[in-house]
Amino acid sequence: MIKDVDNFLANYQIPEASRVLQEFVDDMSNWYVRRTRERFWAKGMEQDKVNAYMTLHTVLVTLSKVAAPMIPFMTEAIYQNLVRTNDTSAPESIHLCSFPECDETMIDAELEADMALVLEASTLARAARNASNIKNRQPLAKLYIKAERHLNDYYKAILAEELNVKEVEEIVFAHKEILQMHGFYLDINDKTLSFDIIIDFKAKNREKIYQEIYDSVQEKFKNYKIIITLDIDSSD
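Presented here is a report on the structure given in the accompanying data block. Please read all numbers here as calculations on a predicted model, not as lab measurements.

1. Focus on the overall build of the protein
Then comes step 1: On a plain count of helices and strands, the protein comes out with eight helices and five strands.
Then comes step 2: Each helix (α) and strand (β) of the protein, taken in turn from the N terminus, gives the series α-α-α-α-α-α-β-α-β-β-β-α-β.
Then comes step 3: A total of 236 residues make up the protein; the buried ones form 30% of that total.
Then comes step 4: Long-range contacts, defined here as pairs at least 24 residues apart, represent 58% of the contacts in the protein between residues at least 6 apart.
Then comes step 5: Of the roughly 15,800 Å² of accessible surface on the protein, a fraction of 52% belongs to carbon and sulfur atoms.

Written out as structure tokens, the structure is:
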């Protein structure tokens, strides 16, 4: 976030910088803070609770410094409440502070990609619940997910808790000839599951791959009509 906003401001791209801030605040409030409520509300002052508060404090102060050029008065109020009330030796104003610098050694790209996938899967699954008029408070037996990245048990547990399902299972196909799978659509009313697969044009066993995918999906969705659209990639 710091790096992106700094680059946009340096190139006078104010709307783009504002959009990065907005997306960051949305993720922080609707995901991190909500997911961390139990740590905030824990009894006593255990180290885990202190860590949660210190992390949020650091994020809010840093965010205020980054956003200060665009929203000077609100960020000043936040700075005075979070910093000056506790540290009188700190600069008198947020506008006297240095702009934060991005420490790229602290960036965990793999962690960010995994959590972004979890957030996207959670959003899509909630949308599927809403489309089917199934409230989130109603538990479901299993969530099937197909993604380009593998999710370990830690992230699956987050999805299971978020979506009130007992188990999260990945749909995995081991064929290296499959270049992409997309367009998944599940209609629980018509009992139909459809999706598209793109296969390398060099593959000599296309019919076998297609049949194995069909059989594997049919085994999981026994009462559904399976519709698979097969595309051949000839870009090479």
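2. Observations concerning helix α1 (residues 2-10)
Then comes step 1: For α1, the set of buried residues is I2, V5 and L9. Seen along its axis, α1 keeps its buried residues to an arc of 75°; they face one direction.
Then comes step 2: In this structure, the buried residues of α1 make contact with α2 (14-35) and α4 (47-67).
Then comes step 3: After α1 finishes, the residue Y12 shows a positive phi value of roughly 60°.

3. Observations concerning the environment of I71
Then comes step 1: Along the chain, I71 turns up in the loop between α4 and α5 (72-84).
Then comes step 2: Here I71 falls in the partly exposed class, since its relative accessible area comes to 40%.
Then comes step 3: The spacing of I71 and S18 is 53 residues in sequence and 9.9 Å in space, taken between C-alpha atoms.

4. As for the pattern of salt bridges
Then comes step 1: If you walk through the whole model with that rule in mind, you get seven salt bridges.
Then comes step 2: Among the salt bridges present, the one from E162 reaches R126, with a minimum N-O distance of 2.8 Å. Of the two residues, E162 is situated in helix α7 (residues 153-163) and R126 in helix α6 (residues 109-131); the sequence distance between them amounts to 36 residues.
Then comes step 3: When its relative accessible area of 6% is taken as the criterion, E162 is described as buried.
Then comes step 4: Overlapping salt bridges, with partners in common, bring together R34, R35, R126, E161 and E162 in one network.

5. Observations concerning unusual backbone geometry
Then comes step 1: Of note in the backbone geometry, Y12 takes a positive phi value of approximately 60° without being a glycine.
Then comes step 2: Positionally, Y12 belongs in the loop between α1 and α2.
Then comes step 3: Not every positive phi belongs to a glycine, and N164 is a case in point at roughly 60°.
Then comes step 4: Looking at where N164 falls in the secondary structure, it is placed in the loop between α7 and β2 (165-170).
Then comes step 5: The partly exposed category is assigned to N164, whose relative accessible area is 25%.

6. Overview of the nonpolar core
Then comes step 1: By size, the foremost hydrophobic cluster in this structure holds 15 residues, and its most contacted members are V118, L151, L159 and V168.
Then comes step 2: Listing elements by their share of this core, those giving two or more residues are α6, β1 (140-145), α7 and β2.
Then comes step 3: Residues in contact with L151, not counting those within four places in the same chain, are D114, L117, V118, I145, K156, L159 and E170.
Then comes step 4: Ranked by size, the runner-up nonpolar core spans 13 residues in total, among them A52, L56, L63 and V66.

Conventions adopted
- Residues numbered from 1 in each chain as written.
- Predicted model: local features only at pLDDT ≥ 70, side-chain atom pairs only at ≥ 80, totals over all residues.
- Heavy atoms only, no water.
- Helix = DSSP H or I, 4+ residues; strand = E, 2+ residues; numbered from the N terminus.
- Buried < 20%, exposed > 50% of the residue type's maximum accessible area, 1.4 Å probe, protein only.
- Contact = heavy atoms within 4.5 Å.
- Areas by Shrake-Rupley, 256 points an atom, 1.4 Å probe, with all protein chains shown as cover.
- Arc of directions from axis to C-beta.
- Salt bridge = Lys/Arg side-chain N within 4 Å of Asp/Glu carboxyl O.
- Core = buried A, V, L, I, M, F, W, Y, C linked by side-chain atoms within 4.5 Å.

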